[in-house]
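A look at the structure
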Amino acid sequence: SEPLKIICVASFRTVKGHNVLLDACTQLRERGTPFHCRLVGYGPIEQEIRSRIQILKLEEQVTITGGQPRQEVIRLLGESDLIVLTSIQTAKGNREGIPVALMEGVACGLPVVASRLSGIPELVEHGVSGLLFEPGNAAEAATAIQTLAADPQLRSRMGRAGRARIEADYDLSINAT
């Protein structure tokens, strides 16, 4: 009965796709899915994102916390039900590799909803540790979030699978030798 707690930890840059996430949040609201989305970060397009939240009338569902120290980000991840990153490729061809924020969310046992872009599918196995969608497709992102909102057991199973993958594939003592 509680709203789904979504977190997005990402600098406010075009490549992070915040506008796609806001469009997905609008669709979630229209579909009657209760949620709260927390945006953690700062950057050059922050004011644009704040304005868009107002235009879309998402002030009650979306909160910007600004940049936070590492310990606070960890605490916020621990309070969340899932981590979302709606990355896109910019018109100039810029895109992400494997976002560290997603690694941290997965390491905290959170299921992921993210774009099927760049190195993200190397980290997130679709249907196992999260749900991937086509970059820029807010409707697919909203559907993925809605799927996880409706199934706490699926969220838990995906969170555990992602955590196990991080432990197996991203161990610093193994990878640094």
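See the structure printed just above.
Every value quoted in this text rests on a predicted model; they were computed, and no experiment measured them. (Residues numbered from 1 in each chain as written. Predicted model: local features only at pLDDT ≥ 70, side-chain atom pairs only at ≥ 80, totals over all residues. Heavy atoms only, no water.)

So, on to the layout of surface pockets. Taken as a whole, the largest pocket holds about 160 Å³ of empty space. In terms of lining, the largest pocket is formed by Val 9, Ala 10, Ser 11, Val 40, Gly 41, Tyr 42, Gly 67, Gln 68, Pro 69, Arg 70, Val 73 and Glu 104. (1 Å grid on protein atoms, 1.4 Å probe; cavity = no way out; pocket = protein on both sides within 12 Å on 5 of 7 lines; lining within 4 Å. Points joined across faces, edges and corners; volume = space filled by probe spheres on them.)

Before going further, it helps to examine the packing of helix H6 (residues 138-149) against helix H7 (residues 152-169). Look at H6 against H7: their axes get within 6 Å of each other, and the N-to-C directions meet at 100°. Taken together, H6 and H7 sit at an angle that is classed as roughly perpendicular. Listed contacts from H7 to Thr 147, Leu 148 and Ala 149 of H6 are Pro 152, Leu 154, Arg 155 and Met 158. Of the residues contributing to the contact of H6 with H7, the split by class is 5 nonpolar, 1 polar and 1 charged. (Axes fitted to C-alpha atoms, helices over the stretch in contact; angles between N-to-C directions. Helix = DSSP H or I, 4+ residues; strand = E, 2+ residues; numbered from the N terminus. Parallel < 35°, antiparallel > 145°, perpendicular 65-115°, else oblique. Contact = heavy atoms within 4.5 Å. Nonpolar A, V, L, I, M, F, W, Y, C, P; charged D, E, K, R; others polar.)

Counting 54 residues, the largest nonpolar core has Ile 6 and Leu 39 as the members making the most contacts within it. Excluding anything up to four places from it in sequence, Ile 6 contacts Leu 28, Phe 35, His 36, Cys 37, Arg 38, Leu 82, Val 84 and Ile 145. (Core = buried A, V, L, I, M, F, W, Y, C linked by side-chain atoms within 4.5 Å. Buried < 20%, exposed > 50% of the residue type's maximum accessible area, 1.4 Å probe, protein only.)

Turning next to the packing of helix H1 (residues 18-30) against helix H2 (residues 46-55). Contact geometry of H1 with H2 gives a least axis separation of 11 Å together with a crossing angle of 15°. Between H1 and H2, the angle is such that the two are roughly parallel. Read as a crossing pair, H1 and H2 show a hand that is right-handed. Here His 18, Asn 19, Leu 22 and Asp 23 of H1 lie close against H2, whose contacting residues are Glu 48, Ile 49, Arg 52 and Ile 53. Class assignment for the residues of the contact of H1 with H2 results in 3 nonpolar, 2 polar and 3 charged. (Left-handed = near helix turned anticlockwise from the far one by under 90°.)

Function cannot be read off these values alone, since they describe shape.
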